[in-house]
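So the chains spell out like this:
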Amino acid sequence: MVASTPTPTTFTRTFRGHPHDVATARHWVEGMLSAVTHRPTIPDDIVGTAVLLVSEAATNAIRHTATGLGGRFTVVVHLSPGMLSVQIEDDGTAGAVPLHVKAGPFAESARGIGLVSHFAEAWGVLPDDAGVYFRLTWP
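Since this is a predicted model, take the numbers as computed values, not measurements. (Residues numbered from 1 in each chain as written. Predicted model: local features only at pLDDT ≥ 70, side-chain atom pairs only at ≥ 80, totals over all residues. Heavy atoms only, no water.)

**Student:** How should the sheet that holds strand S5 (residues 131–137) be read in this particular structure?
**Tutor:** What links the strands of a sheet is backbone hydrogen bonding, and the strands pair in either a parallel or an antiparallel sense. Pairing is antiparallel in the open sheet, where five strands are placed in the order S1-S2-S3-S5-S4. Edge positions in the sheet fall to strand S1 (9–16) and strand S4 (122–125), since each has one partner strand and no second. Geometrically, the sheet is characterised by an average inter-axis angle of 10° between neighbouring strands, direction not taken into account. Sheet analysis places strand S3 (residues 83–89) next to S5, joined by seven bridges and oriented antiparallel. Bridged to Gln87 within S5 is Tyr133. In this fold helix H1 (residues 20–35) packs onto S1, strand S2 (72–80) and S3, with an angle of close to 160° to the strand it touches most, S1. Against the sheet, helix H2 (residues 44–64) touches S2, S3 and S5, its axis set at about 170° to S5. (Pairing = 2+ DSSP bridges. Helix = DSSP H or I, 4+ residues; strand = E, 2+ residues; numbered from the N terminus. Axes fitted to C-alpha atoms, helices over the stretch in contact; angles between N-to-C directions. Contact = heavy atoms within 4.5 Å.)

Set out below in structure tokens:
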């Protein structure tokens, strides 16, 4: 008997570039990942981390790109056994590439990419500065 290799699964959804749509994206990712029937299931801490990082990346898209000026952002989730890769595609940064900057203890912003950098196995900027991606893995 030959074991089959599960094929990656992709989920995609586009959201309006309004601040309240960040919560909608967060709830969509959480619900979708919690409902996935891959075996083994996705650990709760990975689901929670993915939700946090989607929220941060979507907020950055709205604050720092044309997405927040009536545009849209798209969340693309690629799921394979033991790995989750997420892209948050936005309307482009017009040259202002997302950077990881160290926020002071009383700063009210500049923490989003730092969280992505800290929690993700890998992360980076999409081609043409049109968003970010991150990858999470588990045993």
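**Student:** What should I look at first to understand the packing of aromatic side chains in this one?
**Tutor:** Both the distance between ring centres and the angle between the ring planes are used here to describe each pair of aromatic rings. A complete count under the given rule lists two aromatic pairs for this structure. Pairing Phe15 with Phe73 gives two aromatic rings, centres 5.3 Å apart and planes at 25°, and the pair type is stacked. Of this pair, Phe15 sits in strand S1 while Phe73 is found in strand S2, placing the two residues 58 residues apart along the sequence. Phe73 carries the same exposure label as Phe15, and that label is buried. (Phe/Tyr/Trp six-rings, centres within 6.5 Å; stacked < 30°, edge-to-face > 60°. Buried < 20%, exposed > 50% of the residue type's maximum accessible area, 1.4 Å probe, protein only.)

**Student:** Sorry if this is basic, but what is going on with the pairing of S4 here?
**Tutor:** For a regular strand, side chains alternate in direction, first toward one face of the sheet and then toward the other. Across four bridges, S4 lies against S5 in antiparallel orientation. Bridge pairing in S5 links Val125 to Val132. Counting the residues in the hairpin turn of S4 and S5 gives five residues, including Asp128, whose phi is positive at 60°.

**Student:** What am I meant to see in H1 here?
**Tutor:** Side chains three or four residues apart in an α-helix point the same way, a direct result of the helix having 3.6 residues per turn. With 16 residues, H1 extends 23 Å between its outermost C-alpha atoms, agreeing within 8% with the 22 Å of an ideal straight helix rising 1.5 Å per residue. Here H1 has its buried residues at Asp21, Val22, Ala25, Trp28, Val29, Met32 and Leu33. Burial along H1 is one-sided: seen end-on, the buried residues are contained in an arc of 125°. When the buried face of H1 is taken as reference, the exposed residues oriented beyond 90 degrees from it are His20, His27, Ser34 and Ala35. In this fold, the buried residues of H1 make contact with S1, H2, S2 and S3. (Expected span 1.5 Å × (residues − 1). Arc of directions from axis to C-beta.)

**Student:** Explanation requested: the side chain of Asp21 in the structure shown.
**Tutor:** Mapped onto the secondary structure, Asp21 falls in helix H1. Engagement of the side chain of Asp21 in a polar contact is seen with the side chain of Arg16, the distance being 3.4 Å. Other than its neighbours up to four places away in sequence, Asp21 contacts Phe15, Arg16 and Phe73. (Polar contact = N/O pair within 3.5 Å; in protein donor to acceptor, adjacent residues only side chain to side chain.)

**Student:** Any chance you could explain the nonpolar core here in plain terms?
**Tutor:** The biggest cluster of nonpolar side chains holds 32 residues, and the ones touching the most others in it are Leu33, Val75, Leu84 and Phe134. Put simply, the parts of the chain that give this core at least two residues each are H1, H2, S2, S3, helix H3 (112–119) and S5. The element contributing the most residues to this core is H2, with nine residues. Ignoring anything within four residues of it in the chain, the contact list for Leu33 reads Ile42, Val47, Ala50, Val77 and Leu84. (Core = buried A, V, L, I, M, F, W, Y, C linked by side-chain atoms within 4.5 Å.)

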